[in-house]
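The lines below spell out each chain.
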Amino acid sequence: MASESEEQARCSVAGTAVVRRRPSVLVMKLPLKAAGATLDLGLARSRTQREAAAGWLRGLGADHVEIGEPHFADQAEMDQATRIRAVTAAARPRRPGADAPAADAARGVRVVLTATWDISRLSADEVLLLLDRLRFESAPPAPPAEPAEEQPAWTDPAEAVMRVMQQFTEPPAENLAPQFLFVTRLAADEVERATADALAAARRSADLVARAAGRRVVGLSSVSGHRAAVPAGRHDQMVERNRCAALLAGTTFVLREGDVVADDPRAVDVVVTLNATFTLGHPAPAE
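So, a few notes on the structure that sits alongside this text. Remember, it's a predicted structure, so these values are computed and weren't measured experimentally.

**With respect to the layout of surface pockets**
Part 1 of the argument: Its boundaries defined by the atoms lining it, the second largest pocket holds a volume of some 310 Å³.
Part 2 of the argument: When residues of the lining of the second largest pocket are traced back to their parent elements, those giving at least two are α8 (235–246), β8 (260–262) and β9 (268–281).
Part 3 of the argument: Per-element accounting of the lining of the second largest pocket gives the leading share, 5 residues, to α8.
Part 4 of the argument: Residues of the lining of the second largest pocket, tallied by class, amount to 6 nonpolar, 1 polar and 8 charged.

Below you can see the structure in the form of structure tokens.
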């Protein structure tokens, strides 16, 4: 009789299914800033500004427009590199005779508007046309041309290096430009088919391992899975998707399970991965 350990032999494998799909939602992140001599005046101007912007976005065909909570300008979301520059600039001693930091920065009020468009039924050409229109409509007026700054002829290399290093510690320029992101999500029937395909792939892998071990698959012991993974070895895709997801910080848009965020309107791969454990038994006796 086979021992208990032989009867309970198991095999753990992974199966994946890839669904290539074009984006479903276009998200526009629009930061607004207003300031006044007092915080009350700044908030009043911000309310007028945000309501006008919300009406403008609805006029551009946005399906949903949501206004975020007001906050101080120095509490804006920043990526890690920008935050380090801001902290370094704030901690740097002020040179004698240099102007004090403007008080408007503390009184400035920021609000982030989030607008979304359903682009699931649009063709690739129509999405590009919509994006081009939104970029054109939201582009700020071109600033007046300024004469090019003449580069000094450095005679002291150490002074030149110090000037370059100082540029890295200057306060980061405030970015109020709108950002456009594309969210890809699978429909319920697509998720169901991809999950079944991933489980079938896991079963094929388990059959292969079982035959190599002189066994056969007799049952499914456990299974777990997740979506929005990237193909094995594509760490570049993982970094890029995380970067784009971080750009949604400050918006009211909530990602669903399996959503993929990109700043590119082209189709992306949504990977469904299942980790399955199968019970192995002895091969059936030959007749």
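**Brief notes about the environment of Thr277**
Part 1 of the argument: Assignment of secondary structure puts Thr277 in strand β9.
Part 2 of the argument: Residue Thr277 is classed as buried on the basis of its relative accessible area of 15%.
Part 3 of the argument: Spatially, the C-alpha atom of Thr277 lies 8.4 Å from that of Ala206, the residues being 71 residues apart in sequence.
Part 4 of the argument: Sequence-distant contacts of Thr277, defined by excluding residues within four places in its chain, comprise Arg10, Cys11, Ser12, Leu220, Ser221 and Ser222.
Part 5 of the argument: Side chain to side chain, Thr277 and Ser12 meet in a polar contact 3.0 Å long.

**So, the pattern of salt bridges**
Should their charged atoms come close, side chains of opposite charge can pair.
Part 1 of the argument: Within this structure, the stated rule accounts for 9 salt bridges.
Part 2 of the argument: For Arg266, the salt bridge goes to Asp264, with nearest N and O atoms at 2.6 Å.
Part 3 of the argument: Among the residues examined, Asp264 registers a relative accessible area of 25% and is labelled partly exposed.

Thresholds applied
- Each chain has its residues counted from 1, following the order in which its sequence is written.
- In keeping with the predicted nature of the model, local features appear solely for residues at pLDDT of at least 70, side-chain atom pairs appear and are counted solely at 80 or more, and the whole-chain, interface and lining totals rest on all residues.
- Values reported for side chains reflect all heavy atoms of the structure, with hydrogen atoms and water molecules removed beforehand.
- Space inside and on the surface of the protein is sampled on a 1 Å grid over the protein atoms alone, with a cavity defined as a set of points where a 1.4 Å probe fits but cannot get out and a pocket as an open set with protein on both sides within 12 Å along at least 5 of 7 lines; lining residues have an atom within 4 Å of a point.
- Grid points are joined across faces, edges and corners, and a volume is the space filled by probe spheres set on the points.
- Secondary structure elements follow DSSP: runs of H or I no shorter than four residues count as helices, runs of E no shorter than two count as strands, and numbering proceeds from the N terminus.
- Residue type decides the class: Asp, Glu, Lys and Arg count as charged, Ala, Val, Leu, Ile, Met, Phe, Trp, Tyr, Cys and Pro as nonpolar, and the leftover types, Gly among them, as polar.
- Categorising residues by exposure relies on relative accessible area from a 1.4 Å probe, with only protein chains included: less than 20% of the type maximum marks a residue as buried, more than 50% marks it as exposed, and the intermediate range marks it as partly exposed.
- Here, two residues are considered to be in contact whenever any of their heavy atoms come within 4.5 Å of each other.
- Polar contacts, as counted here, are pairs of nitrogen or oxygen atoms within 3.5 Å of one another; within protein the pair requires one atom able to donate a hydrogen and one able to accept it, and residues that are adjacent in sequence qualify only if both atoms are side-chain atoms.
- For this document, the term salt bridge refers to a Lys or Arg side-chain nitrogen within 4 Å of an Asp or Glu carboxyl oxygen.

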